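The chain contents come next:
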Amino acid sequence: MKYTNSKLIVAIIAIFCTLSFANAQEIIKDSVKPKPVTNPLKRQKVDGIIATVGDYTILDSDIDKSYLELSSQGNSIKDITRCQMLGKLLEDKLYAHQAVQDSIIVKDEEVKEKMNEQINYMVDQLGSMDKVVQYFKKGSEEEFRNELFDIIKMNKLGAEMQKKIIDAVEITPEETRNFFKAIPQSDLPVFGAEMEVAQIVVIPKISDEEKQRVITRLKEIKAEVLAGASFKTRAVIYTDDRASAASGGYYKINRKTQFVKEFKDVAFSLGEGEISEPFETEYGYHIIMVEKIKGQEVELRHILMMPKVSDAALKEAKEKITLIKRRIENGEISFSEAARTLSDEKETRANGGVLINPKTQDTHFELTKMDPSLYSEVSNLKDNEISQPILDDDPRSGKSYKIITVTNRINEHTADYAKDYTKIKDLALKEKQIKAIAKWTEEKIKETYIKINGEYRDCVFTNNWLKK
């Protein structure tokens, strides 16, 4: 059977094929003088250590594994040389090694938690643990788990090291202006067609009886746990928070973690081992059990239950939003004013219903990069046209009805400093971050023990791995 599930592919790539930040400029640039390889997967030679970076070693077979993982995702490997693959592996090891030197800590419990999440997802997608082991061509489950643990830990160390580097990089308006002025007129970027979108949302009312049913069930679960049942198991079975279900409702948070205030207030009011009473947030009703308190961090498990919406409530919500649409079309009220006074969506009410692009944090959505579901809802709307009521079933917030309109259209255009400042600033920042990574890499190569063996010393790298 051929598995093409996109989420599975993303999960596998994230584990085995995560490119470093510096490689955003393409892995192809990392070396240029390979020996011709007809089929890199069939290369026959005795396995051995081909490179050492600090405390990490790279085997010849590690390159073959990299080829295998790339090709298993349908990526072409014919133009990627062994030298290029080695350059990628050297970077990964350098980040991980330096993370250890800088006392960046990745706890084994975190790695195991992530590993178990990934394995549970793979088993769910492929059917069994045996099929997962077979898919990755490992000799046993133990071998697969051990290798996966090491890979996840190294990736986490590398990611934390890269984050530490780029988080220190800031860009000023002057630097942004100089970046833009340095681009030749003929090379100015072209930004695709964009639009601004606004929506009005009506959330069906939940009956008091249904709310009480959920509260009662959460109290029953709390009593079962206090009597000796597993909170983790009950979270897996009962929680409506699909993001944490596989891990038994587990989260590690601090005061700055982006959770709603009500959730954090309850979490930080509990002692280790305590279980909260049911409490309400915009997502539904929760109970929390605190497992560990470490300084400013709390490790907890929670169960979310979302009250069910009745058919009568859904019908009432649809009638309400249909009436709002009719009033706007009849000129009784503007779309923005209706959003401010009648929409149930707190995040967009103050902006007159205008949506914020989660990727760019501004109001513009580039058509070619727009979320497919949103694109399908707005692509056929004419100027000032309002969509028919749309039933939205969000796994986090539940069912609601919404109407959407396009408030502004921006045609494809060559970058303009005044109009596209935010995008230009992002480009300037990314360039500065890449330069910071390159400078850091150059400095760390000089002070780190690095050895490359055998024929791989003939490779010509962009980075000075051979210290010539």
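Conventions we followed
By convention here, each chain's residues receive numbers from 1 onward along its written sequence. Given that this is a predicted model, residues contribute local features only at a pLDDT of at least 70 and side-chain atom pairs are listed and counted only at 80 or more, while totals for whole chains, interfaces and linings are drawn from all residues. With hydrogens and water stripped out, all remaining heavy atoms of the structure feed into the side-chain values. When DSSP finds two or more bridges between two strands, those strands count as paired. For the purposes of this entry, the term helix denotes a DSSP run of H or I that reaches at least four residues, the term strand denotes a run of E that reaches at least two, and both are numbered from the N terminus. Orientation is described by lines fitted to C-alpha atoms, with helices fitted over the stretch in contact, and by angles between N-to-C directions that extend from 0 to 180 degrees. Here, residues are in contact when the closest pair of their heavy atoms is within 4.5 Å. Disulfide assignment relies on a single distance test, namely cysteine sulfur atoms paired within 2.5 Å. Only protein chains enter the calculation, and the probe is 1.4 Å; a residue is then buried if its accessible area is under 20% of its type maximum, exposed if over 50%, and partly exposed in between. By definition, no residue in a patch forms a salt bridge, and every one has over 30% relative accessible area; like charges are joined within 9 Å, nonpolar side chains (Val, Leu, Ile, Met, Phe, Trp, Tyr) within 5 Å. With residues, only the protein chains shown are counted as cover, and all accessible areas are computed by Shrake-Rupley using a 1.4 Å probe. Salt bridges are defined as contacts in which a side-chain nitrogen from Lys or Arg sits within 4 Å of a carboxyl oxygen from Asp or Glu. Positive charges are assigned to Lys and Arg, negative charges to Asp and Glu, while His and the chain termini are left out of the count. A charged residue contributes its charge at one atom only: NZ of Lys, CZ of Arg, CG of Asp or CD of Glu. Two aromatic rings from Phe, Tyr or Trp, using only the six-membered ring of Trp, form a pair when their centres are within 6.5 Å; if the ring planes differ by under 30 degrees the pair is stacked, by over 60 it is edge-to-face, and anything between is tilted. Criterion for a charge above a ring: Lys NZ or Arg CZ within 6 Å of the ring centre, and within 35 degrees of the ring normal. Known as pLDDT, the predictor's confidence for each residue is given on a scale from 0 to 100.

What follows covers the sheet that holds strand β11 (residues 398-410). Read across the open sheet, the four strands follow the order β9-β4-β11-β10; overall the sheet is antiparallel. The open sheet has two free edges, formed respectively by β9 (365-366) and β10 (390-394), since each of these has just one partner strand. Where strand β4 (residues 194-202) meets β11, nine bridges bridge the pair, whose relative direction is antiparallel. Note that in β11 the partner of valine 197 across the bridge is valine 406.

Read from one edge to the other, the open sheet built from three strands follows the order β2-β1-β13, with strand pairing classed as antiparallel. With one partner strand each, in any of the chains shown, β2 (56-59) and β13 (450-452) form the two edges of the open sheet. With strand direction ignored, the average angle separating the axes of adjacent strands in the sheet is 20°. Bridging between strand β1 (residues 49-53) and β13 involves three bridges; their strand directions are antiparallel. Each bridged residue has a counterpart across the sheet, and for threonine 52 the counterpart in β13 is lysine 451. Across the face of the sheet, helix α3 (residues 82-101) comes into contact with β1, β2 and β13 while running at roughly 165° to β2.

On to the state of the cysteines. Taken as a whole and judged by the stated rule, the model has one disulfide. Each sulfur in the disulfide pair cysteine 83 and cysteine 459 lies 1.9 Å from the other. Across the S-S bond of cysteine 83 and cysteine 459 the torsion is about -75°, and the bridge reads as left-handed. Placement of the pair is cysteine 83 in helix α3 and cysteine 459 in the segment after β13, with a sequence separation of 376 residues. Using a relative accessible area of 6% as the deciding quantity, one classes cysteine 83 as buried.

We now examine a nonpolar patch on the surface. On the surface, a nonpolar cluster with roughly 260 Å² of combined accessible area is contributed by Val236, Ile237 and Tyr238. Among the structural elements, tyrosine 238 can be located in helix α9 (residues 231-238). By relative accessible area, which is 32% here, tyrosine 238 ends up partly exposed.

Here we take up the pairing of strand β8 (residues 297-305). For β8, the buried fraction is high: eight of the nine residues fall into the buried class. Between strand β7 (residues 284-294) and β8, which pair antiparallel and follow one another directly, the connecting turn spans two residues, one of which, glycine 295, has a positive phi of 65°.

A separate point is a negative patch on the surface. A grouping of Glu262, Glu280, Glu282 and Glu347 is seen on the molecular surface, where their side chains present a negatively charged patch. Looking at glutamate 262, the relative accessible area reads 39%, which means it is partly exposed.

Moving on, we come to the packing of aromatic side chains. Tallied over the entire structure, the rule returns six aromatic pairs. Relative to tyrosine 421, the ring of tyrosine 417 has its centre 5.6 Å away and its plane inclined at 85°; by these criteria the two rings are edge-to-face. Judged by its relative accessible area of 26%, tyrosine 421 is partly exposed. Among the aromatic side chains, those forming a connected cluster through ring pairs are Tyr251, Phe259, Phe263 and Phe279. When the ring centre of phenylalanine 268 is taken as reference, the NZ or CZ atom of arginine 255 above it lies at 4.1 Å. Against the face of phenylalanine 191 rests lysine 423, its NZ or CZ located 5.7 Å from the ring centre.

Glancing now at the pairing of β2. Pairing geometry for β1 and β2, over four bridges, is antiparallel. Paired with alanine 51 across the bridge in β2 is isoleucine 58.

On to the confidence of the model for the protein chain, then. Should pLDDT be low for a region, the predicted coordinates there are not to be read in detail. Counting all residues, the mean pLDDT for the protein chain is 86, and 89% of those residues have values of 70 or more. Confidence drops under a pLDDT of 50 for residues 1-46, and excluding neighbours within four residues, the segment shows 99 contacts in the predicted structure.

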